[in-house]
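So the chains spell out like this:
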Amino acid sequence: MQVRFSYAERAAYCKNALAKKLFLLMDGKKSNLALSADVTHCEDVLALADKIGPEICILKIHVDILEDFDQTFPLELRKLADKHNFLIFEDRKFADIGNTVKLQYEKGIYHIADWADIINAHSLPGSGIVSGLMEVGLKKQRGLLLLAEMSSANNLFTKDYAMQTLRMAEQFPEFVIGFISQQKLSDDPGWIYMTPGVQLQAGTDVLGQQYVTPEIALVKHQSDIIIVGRGIIKAEDTLAEARKYREAGWKAYNVNCAK
Ligand code: 5IU
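Here's what I pulled together on the structure shown here. (Residues numbered from 1 in each chain as written. Predicted model: local features only at pLDDT ≥ 70, side-chain atom pairs only at ≥ 80, totals over all residues. Heavy atoms only, no water.)

## A short note on the overall build of the protein
Here is step 1 of the chain: Check the secondary structure of the protein and you find 10 helices and 10 strands.
Here is step 2 of the chain: Relative to the 2.2 N^0.38 estimate, which gives 18 Å for 259 residues, the radius of gyration of the protein is 17 Å and therefore close to what a compact globule would have.
Here is step 3 of the chain: Each principal axis of the C-alpha distribution contributes one length, and for the protein these read about 45 × 40 × 35 Å.
Here is step 4 of the chain: For the protein, the proportion of its 259 residues judged to be buried stands at 56%.
Here is step 5 of the chain: Partitioning the intrachain contacts of the protein with sequence separation of at least 6 by distance along the chain shows that 71% fall at a separation of at least 24.
Here is step 6 of the chain: Accessible area for the protein stands at about 11500 Å²; split by element, carbon and sulfur atoms hold 53% of it.
Here is step 7 of the chain: On the protein, the mean spot of the 30 positive side-chain charges and the mean spot of the 33 negative ones are 5 Å from each other. (Helix = DSSP H or I, 4+ residues; strand = E, 2+ residues; numbered from the N terminus. Rg over C-alpha atoms; globule rule 2.2 N^0.38 Å. Buried < 20%, exposed > 50% of the residue type's maximum accessible area, 1.4 Å probe, protein only. Contact = heavy atoms within 4.5 Å. Areas by Shrake-Rupley, 256 points an atom, 1.4 Å probe, with all protein chains shown as cover. Lys, Arg positive; Asp, Glu negative; His and termini not counted. Charge placed at Lys NZ, Arg CZ, Asp CG, Glu CD.)

Have a look at this one:
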């Protein structure tokens with residue numbers, strides 16, 4: 001197995017300031033765990049953020065599933081992100097033409113660009129989607145992940161699609177920080193890979209979600225960050241469960257690090 005750079009070493013290869021910050025944050029905090037806080041009320045997101053915040057490098061949300069969103073929510077979430085030192089990821093999966101995604105990112109009810117450190121987008125529409133998002137996000141020092149693969153059964157992603165997504169990212173290294181994928185896609189140590197569909201036991205849910213273990217994601221598939229939702233938020237003791245994922249994730253990444 002190939003020896004991997006530590007997260008701290010990889011920061012030097014990033015052309016985006018946020019990516020650098022994320023690698024250093026992960027190194028300092030010793031966490032490669034992202035929590036997917038898929039709950040539908042603001043106070044529940046904030047409670048999870050406050051409780052699990054010390055264990056994670058990223059809190060991922062879907063702002064459009066909140067039933068009681070108001071403009072104070074992003075401000076409260078930012079306070080918790082600063083308190084516990086994690087980044088905020090809005091899992092919006094933009095998928096339209098450049099001009100439209102630009103509006104969706106900056107305008108509407110949510111003003112995502114004002115508070116989300118990280119967003120993601122499908123590469124399917126072509127590189128205009130990245131250019132559009134970048135017009136808004138670059139000056140705010142945000143970062144974009146491109147979806148190269150998905151965890152769900154019977155998805156239409158192919159190896160070639162993932163490689164073309166990588167090629168698209170390579171055109172925008174100042175704004176694209178990496179990928180949502182099931183595995184590492186390139187030997188460039190500057191890209192960050194985040195893998196959803198992770199639980200301590202491999203398996204599936206009833207709607208096609210497929211789970212791999214932290215070891216499969218981080219050792220076998222050489223990803224960098226595990227994204228865990230129900231594995232933690234449905235547990236009786238969410239903090240204890242988050243600690244298990246954090247330990248498993250940290251141990252797994254470091255299996256192949258030189259130091
Ligand atoms: N998510 C996936 N798979 C993907 C992508 C995103 O599960 O391929 I792209 C999101 C959906 C959900 C979270 O918000 O990651 C996983 O939640 P669970 O750990 O509860 O399955």
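## So, the site of the ligand
Here is step 1 of the chain: In the region of the ligand, 16 residues are neighbours, and Asp 38, Ser 151, Gln 209, Tyr 211 and Arg 230 sit closest.
Here is step 2 of the chain: At a separation of 3.0 Å, an oxygen atom of the ligand approaches a polar side-chain atom of His 62.
Here is step 3 of the chain: For the shell around the ligand, the residue count by class is 6 nonpolar, 5 polar and 5 charged. (Near = heavy atom within 4 Å. Polar contact = N/O pair within 3.5 Å; in protein donor to acceptor, adjacent residues only side chain to side chain. Nonpolar A, V, L, I, M, F, W, Y, C, P; charged D, E, K, R; others polar.)

## Considerations on the state of the cysteines
Here is step 1 of the chain: Using the criterion set out here, one finds 0 disulfides in the structure.
Here is step 2 of the chain: The cysteine Cys 257 is free of any disulfide, with Cys 57 supplying the nearest cysteine sulfur at 15 Å. (Disulfide = S-S within 2.5 Å.)

## Observations concerning the sheet that holds strand E1 (residues 33-36)
Here is step 1 of the chain: A barrel is described by the order of its strands in space; here 8 strands give the closed sequence E1-E2-E3-E4-E5-E6-E7-E10, paired in parallel fashion. The sheet shows a mean angle of 30° between the axes of neighbouring strands, taken without regard to direction.
Here is step 2 of the chain: Relative to strand E7 (residues 192-195), strand E6 (residues 176-180) is paired through 3 bridges, and the arrangement is parallel. Residue pairing for E7: Ile 180 is matched across the bridge by Met 194. (Pairing = 2+ DSSP bridges. Axes fitted to C-alpha atoms, helices over the stretch in contact; angles between N-to-C directions.)

## Section: the nonpolar core
Here is step 1 of the chain: Counting 63 residues, the largest nonpolar core has Leu 59 and Leu 133 as the members making the most contacts within it.
Here is step 2 of the chain: For this core, the element with the highest residue contribution is helix H3 (residues 42-52), accounting for 6 residues.
Here is step 3 of the chain: Residues in contact with Leu 59, not counting those within four places in the same chain, are Leu 35, Ala 37, Val 45, Ala 49, Leu 77, Phe 86, Leu 87, Ile 88 and Phe 89.
Here is step 4 of the chain: Ranked by size, the runner-up nonpolar core spans 26 residues in total, among them Tyr 7, Leu 87, Ile 118 and Cys 257. (Core = buried A, V, L, I, M, F, W, Y, C linked by side-chain atoms within 4.5 Å.)

## Details of the pattern of salt bridges
Here is step 1 of the chain: As enumerated under the stated definition, the model contains 17 salt bridges in all.
Here is step 2 of the chain: The shortest N-O distance in the salt bridge between Glu 55 and Arg 243 comes to 3.2 Å. Taken together, the positions of Glu 55 in the loop between H3 and strand E2 (58-61) and Arg 243 in helix H10 (residues 238-254) put the pair 188 residues apart, joining distant regions of the chain.
Here is step 3 of the chain: Overall, the relative accessible area of 6% leaves Glu 55 in the buried class.
Here is step 4 of the chain: The exposure class of Arg 243 is partly exposed, given its relative accessible area of 42%.
Here is step 5 of the chain: Taking the shortest distance from any N to any O, the salt bridge between Arg 78 and Asp 117 comes out at 3.2 Å. Placement of Arg 78 in helix H4 (residues 72-84) and of Asp 117 in the loop between helix H5 (98-106) and strand E4 (118-122) is noted, with a sequence separation of 39 residues between them. (Salt bridge = Lys/Arg side-chain N within 4 Å of Asp/Glu carboxyl O.)

## Overview of a negative patch on the surface
Here is step 1 of the chain: On the surface, Glu 43, Asp 44, Glu 67, Asp 68 and Asp 70 cluster together into a patch of negative charge.
Here is step 2 of the chain: Note that Glu 67 resides in the loop between E2 and H4. (Patch = residues over 30% accessible without salt bridge, like charges linked within 9 Å, V, L, I, M, F, W, Y side chains within 5 Å.)

## Looking at the packing of aromatic side chains
Here is step 1 of the chain: Taken as a whole, this structure holds 10 aromatic pairs when the rule is applied.
Here is step 2 of the chain: Measuring from centroid to centroid gives 6.2 Å for Tyr 7 and Phe 23, while their planes differ by 25°, and the two rings are stacked. With a gap of 16 residues between them, Tyr 7 in helix H1 (residues 7-11) and Phe 23 in helix H2 (residues 17-29) connect regions that are remote in the sequence.
Here is step 3 of the chain: The buried category is assigned to Tyr 7, whose relative accessible area is 2%.
Here is step 4 of the chain: Taken together, a centroid distance of 5.4 Å and an interplanar angle of 65° make the contact between Phe 179 and Trp 191 edge-to-face. With a gap of 12 residues between them, Phe 179 in strand E6 and Trp 191 in the loop between E6 and E7 connect regions that are remote in the sequence. Trp 191 shares its class with Phe 179; the two are buried.
Here is step 5 of the chain: In textbook terms, an aromatic cluster arises when at least three aromatic residues are bridged by ring pairs, as seen for Tyr 7, Phe 23, Trp 250 and Tyr 253. (Phe/Tyr/Trp six-rings, centres within 6.5 Å; stacked < 30°, edge-to-face > 60°.)

Read these as layout, nothing more, since geometry by itself doesn't imply function.
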